[in-house]
Amino acid sequence: MMRWDLINFFIKTFNYKKYLELGVSNGECFSKINAESKISVDLAMGQYSNSNPTYKMTSDKFFETIATLEEKYDIIFIDALHHAEQVDKDIVNSLNYLNDNGTIILHDCNPLLEESQIVPRETSLWNGDVWKSIVKFRSLNNGNGCVIPVDHGLGIIREDVYYPFEIELPKELTWDWLVKNRTAALGLSSFEDVEKMLPEEELIWRQK
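Right, let's walk through the structure included here. (Residues numbered from 1 in each chain as written. Predicted model: local features only at pLDDT ≥ 70, side-chain atom pairs only at ≥ 80, totals over all residues. Heavy atoms only, no water.)

Moving on, we come to unusual backbone geometry. Cis geometry marks the peptide bond from Val119 to Pro120; its omega dihedral reads 5°. Looking at the element boundaries, Pro120 is found in the loop between β5 (98–106) and α5 (130–140). With phi around 55°, Asn15 is a residue other than glycine that occupies positive phi space. By secondary structure assignment, the location of Asn15 is in the loop between α1 (3–14) and β1 (18–22). Classification of Asn15 as partly exposed rests on a relative accessible area of 40%. Of note, Asn52 is a non-glycine position whose phi angle comes to about 55°, a positive value. Mapped onto the elements of the fold, Asn52 is located in the loop between β2 (37–42) and β3 (55–56). (Helix = DSSP H or I, 4+ residues; strand = E, 2+ residues; numbered from the N terminus. Buried < 20%, exposed > 50% of the residue type's maximum accessible area, 1.4 Å probe, protein only.)

On to the environment of Met45. Structurally, Met45 is set in the loop between β2 and β3. For Met45, a relative accessible area of 56% gives the class exposed. Placed 36 residues apart in sequence, Met45 and Leu81 show a C-alpha to C-alpha distance of 12 Å.

What follows is about the sheet that holds strand β4 (residues 73–78). Taken in spatial order, the seven strands make up an open sheet running β3-β2-β1-β4-β5-β7-β6, and their pairing is mixed. Among the strands making up the open sheet, the edge pair consists of β3 and β6 (146–148). Sheet topology note: the β4/β5 ladder contains five bridges and is parallel. Paired with Tyr73 across the two strands is Leu98, which belongs to β5. (Pairing = 2+ DSSP bridges.)

So, on to the side chain of Asp42. Position of Asp42 among the secondary structure elements: in strand β2. In this structure Asp42 is buried but unpaired, with Lys56 as the nearest side chain of opposite charge at 8.7 Å. Within the local environment of Asp42, its side chain forms a polar contact with the backbone nitrogen of Ser25, the two atoms lying 3.3 Å apart. Once residues within four sequence positions are removed from consideration, Asp42 is found in contact with Gly23, Val24, Ser25, Pro53, Tyr55, Lys56 and Met57. (Lys, Arg positive; Asp, Glu negative; His and termini not counted. Salt bridge = Lys/Arg side-chain N within 4 Å of Asp/Glu carboxyl O. Polar contact = N/O pair within 3.5 Å; in protein donor to acceptor, adjacent residues only side chain to side chain. Contact = heavy atoms within 4.5 Å.)

Right under this line is the structure:
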């Protein structure tokens, strides 16, 4: 399963219409999304200068100047700057502009190599420390959210998706702590587990 597969699953399951993507990269994910309304946000610099986002700006500027509470989104994909401080802000802003029964998907939540999560970036394959954001969010929201361990870790935040958070959060989140507590900290779950958490009536609609 790739990120666009998971996003399209939620779009189909809940008949979502409005999709927002923060961080377009080369445009591969955005091009594969099956939604009636699609908006993308990216600085489109360097190797991604030809990505052609809907809005060429940072996610912060988008939420400050473009987004309106009258025009919320059904599903938002967060894949912009992979620094936890920024991802924290992207999560908060996305929740403010998410429709009822909406879903947030985050990429790069489950780094498998220590060097791939170091900030600032040191490697070509880089996840950043996005994992810290999903851990902090889950700890502050009674285990709301989980991570499917595919495609570098796909985080899911929605009101009915939970994985118990029963570990103590340290003062500083370190790689060694993640290695020891990965499953519980990230709420690692299979796609089938997530399906079982969703409202039965919606799954019945999806299977028609």
